[in-house]
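# Examination of the molecular architecture
Listed below, chain by chain, are the residues.
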Amino acid sequence: MHRLLTTLGRGFRERIGWKRLGIFASLLIIAFAIRTLVHTLKGVDAGVILIALTNIHPGRIALAAMCVVGAFCTLTFYDFFALRTIGKKSVPYRIAALTSFTSYTIGHNIGATVFTGGAIRFRIYSDYGLTAIDVAKICFLSGLTFWLGNLFVLGVGMTLHPWAASAMDLLPPAMNRLIALGCLAGIAAYFVWLVMGKNRRELGQNGWKVVLPSARLTLLQILIGVVDLGFCALAMYLLMPAEPGIDFISLAVVFILATLLGFASHAPGSLGVFDAAMLVALPEFGREQLLATLVVFRILYFMIPFGIAISIMGARELWLNVVLPWQERRRLSEVSAASAPAPISAVPRPVKSLRSSQG
């Protein structure tokens with residue numbers, strides 16, 4: 001039996017591989033989401049959506065925008081926490097904030113966040129002496145912060161309101177509550193494992209080794225993820241229609257499940273996947289009103305930060321590759337011109353003394 005399983009595992013790695021399986025799963029999620037979205041949007045009146053957009057109070061949009069700003073400010077601590085965990089204290093917070101914001105925003109909007117975000121991180125951190133292995137460790141720890149925060153909020157939310165996820169996963173509330181308790185138990189087991197000693201916290205070998213944060217720092221790590229998700233869910237909550245109404249915890253559960261589906265799909269900006277999940281999970285709301293909410297949220301959380309991140313990266317590359325080299329060439333030309341010997345015609349001729357001329 002063991003030999004059969006070994007042979008099957010070797011055949012799977014050689015013929016299919018986890019990478020191809022991941023690509024297939026992403027395409028399957030995207031295809032299913034598009035089909036669901038198209039089916040859900042049948043009969044939707046675009047004019048009603050425009051009316052619903054005008055019905056969202058500007059003050060609530062402003063508050064939602066402030067929550068989005070708070071979410072991205074919290075997001076900057078993903079990389080800062082990871083840098084301090086791996087001992088790279090020479091990288092200042094402003095660089096960590098710049099890298100975290102641009103890598104997450106551009107990567108999430110383009111798709112395949114692990115690769116695109118990792119490439120942006122390496123482009124910036126390499127100027128501060130970090131290697132590709134260091135960047136891989138940062139990506140791993142930042143992802144751990146994201147998943148710990150998601151699992152904790154999802155565990156608490158589904159424990160309190162297990163029916164909130166039933167419309168999406170089609171499971172009875174009792175099963176959802178059991179899954180939620182399993183998430184919280186997994187986090188508790190992870191804490192116990194961390195407490196058992198530093199040697200147990202070392203992962204990797206042969207040059208790739210990362211030491212996980214201690215149990216005390218892991219509490220801070222979870223807090224970062226929870227605050228980030230809290231701001232995002234609150235922004236969505238502020239944009240929701242007033243009728244029929246929904247409590248914040250139920251919306252947070254739906255929001256996190258939709259976010260995780262969009263993250264798993266690797267679709268650019270979770271487009272189609274996140275929207276379809278929200279529409280399916282909240283059937284009590286009018287489709288036009290909910291679509292208006294999703295449009296405003298997408299503008300605030302995806303489009304505007306994406307434009308800002310692209311502008312920042314473009315300005316940075318222009319400064320590093322055009323302006324600074326031009327200033328250096330200009331400085332060198334001025335220095336060389338100042339140190340060059342004067343031409344012969346410009347050298348003053350010696351004046352003969354009166355005594356030598358009389359002699």
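Rules used in this analysis
- Residues numbered from 1 in each chain as written.
- Predicted model: local features only at pLDDT ≥ 70, side-chain atom pairs only at ≥ 80, totals over all residues.
- Heavy atoms only, no water.
- Helix = DSSP H or I, 4+ residues; strand = E, 2+ residues; numbered from the N terminus.
- Buried < 20%, exposed > 50% of the residue type's maximum accessible area, 1.4 Å probe, protein only.
- Expected span 1.5 Å × (residues − 1).
- Lys, Arg positive; Asp, Glu negative; His and termini not counted.
- Salt bridge = Lys/Arg side-chain N within 4 Å of Asp/Glu carboxyl O.
- Contact = heavy atoms within 4.5 Å.
- Phe/Tyr/Trp six-rings, centres within 6.5 Å; stacked < 30°, edge-to-face > 60°.
- Lys NZ or Arg CZ within 6 Å of the ring centre and 35° of its normal.
- Core = buried A, V, L, I, M, F, W, Y, C linked by side-chain atoms within 4.5 Å.
- pLDDT = per-residue confidence, 0-100.
- Axes fitted to C-alpha atoms, helices over the stretch in contact; angles between N-to-C directions.
- Parallel < 35°, antiparallel > 145°, perpendicular 65-115°, else oblique.
- Left-handed = near helix turned anticlockwise from the far one by under 90°.
- Nonpolar A, V, L, I, M, F, W, Y, C, P; charged D, E, K, R; others polar.

Within the fold, Val 156 resides in helix α7 (residues 132–160). Relative accessible area serves as the criterion here: at 33%, Val 156 is assigned to the partly exposed category. Placed 97 residues apart in sequence, Val 156 and Val 253 show a C-alpha to C-alpha distance of 9.1 Å.

Moving on, we come to helix α5 (residues 93–110). If you check α5, its first and last C-alpha atoms are 25 Å apart, about what 18 residues at 1.5 Å a residue would give, namely 26 Å. Within α5, 14 of the 18 residues are buried, which leaves the element mostly enclosed by the surrounding structure.

A few words now on the side chain of Lys 137. Along the polypeptide, Lys 137 turns up in helix α7. Among buried charged residues, Lys 137 stands out as having no salt bridge; its nearest opposite-charge side chain is Asp 134, 4.6 Å away. Among all residues touching Lys 137, those that are not within four sequence positions of it are Ile 86, Trp 208, Lys 209 and Val 210.

For the structure on display, the rule yields 14 aromatic pairs. Here the aromatic cluster, defined as three or more aromatic residues joined through ring pairs, consists of Phe 72, Phe 101, Phe 255, Phe 274, Phe 297, Tyr 301 and Phe 302. Directly above the aromatic system of Phe 302 lies the positively charged group of Arg 298, at a separation of 4.7 Å from the ring centroid.

Our focus in this paragraph is the pattern of salt bridges. With the rule as written, the count across this model stands at 8 salt bridges. When the shortest N-O distance is used, the salt bridge between Arg 123 and Glu 317 registers 3.1 Å. On the criterion of sequence distance, the pair formed by Arg 123 in helix α6 (residues 113–125) and Glu 317 in helix α13 (residues 287–339) is long-range, its members being 194 residues apart. When its relative accessible area of 29% is taken as the criterion, Arg 123 is described as partly exposed. A residue is classified by how much of its surface remains accessible, and Glu 317, at 23% relative accessible area, is partly exposed. Salt bridges sharing partners connect three or more residues here, namely Arg 123, Asp 127, Arg 316 and Glu 317.

Counting residues in each nonpolar core, the largest one holds 79 residues, and the members touching the most others are Tyr 125, Met 236, Phe 274, Met 278, Leu 282, Phe 297 and Tyr 301. With residues up to four places along the chain from it excluded, the contact list for Met 278 reads Met 236, Leu 251, Val 254, Phe 255, Ala 258, Leu 290 and Leu 294.

Okay, the confidence of the model for the chain next. With 76% of its residues at a pLDDT of at least 70, the chain reaches an overall mean of 80. Segment residues 353–359 is flagged for pLDDT under 50; beyond a separation of four residues in sequence, or across chains, it makes 0 contacts in the model.

Before going further, it helps to spend a moment on the environment of Gly 118. Structurally, Gly 118 is set in helix α6. Given a relative accessible area of 14%, Gly 118 falls into the buried group. If we skip the residues at most four places from it in the chain, Gly 118 touches Thr 113, Val 135 and Cys 139.

Another aspect to go through is helix α12 (residues 273–281). Counting buried positions along α12 yields 8 of 9 residues, so the element is predominantly enclosed. Taken together, the buried positions of α12 are Val 273, Phe 274, Asp 275, Ala 276, Ala 277, Met 278, Leu 279 and Ala 281.

Here the focus is the side chain of Asn 176. In this fold, Asn 176 is placed in helix α9 (residues 173–195). For Asn 176, a relative accessible area of 0% gives the class buried. Apart from residues no more than four positions distant in its own chain, Asn 176 is found in contact with Met 158, Pro 162, Ala 165, Ser 166, Asp 169 and Leu 171.

Helix α10 (residues 215–239) packs onto α7 with a crossing angle of 70° between their chain directions and a minimal axis gap of 8 Å. One finds that α7 runs roughly perpendicular with respect to α10. Along this stretch, α7 crosses α10, giving a crossing that reads as right-handed. For the pair formed by α7 and α10, the contact residues are Leu 141, Leu 144, Thr 145, Leu 148, Gly 149, Asn 150, Phe 152 and Val 153 on the first element and Thr 218, Gln 221, Ile 222, Ile 224, Gly 225, Val 226 and Leu 229 on the second. In terms of residue class, the contact of α7 with α10 is built from 9 nonpolar, 6 polar and no charged.

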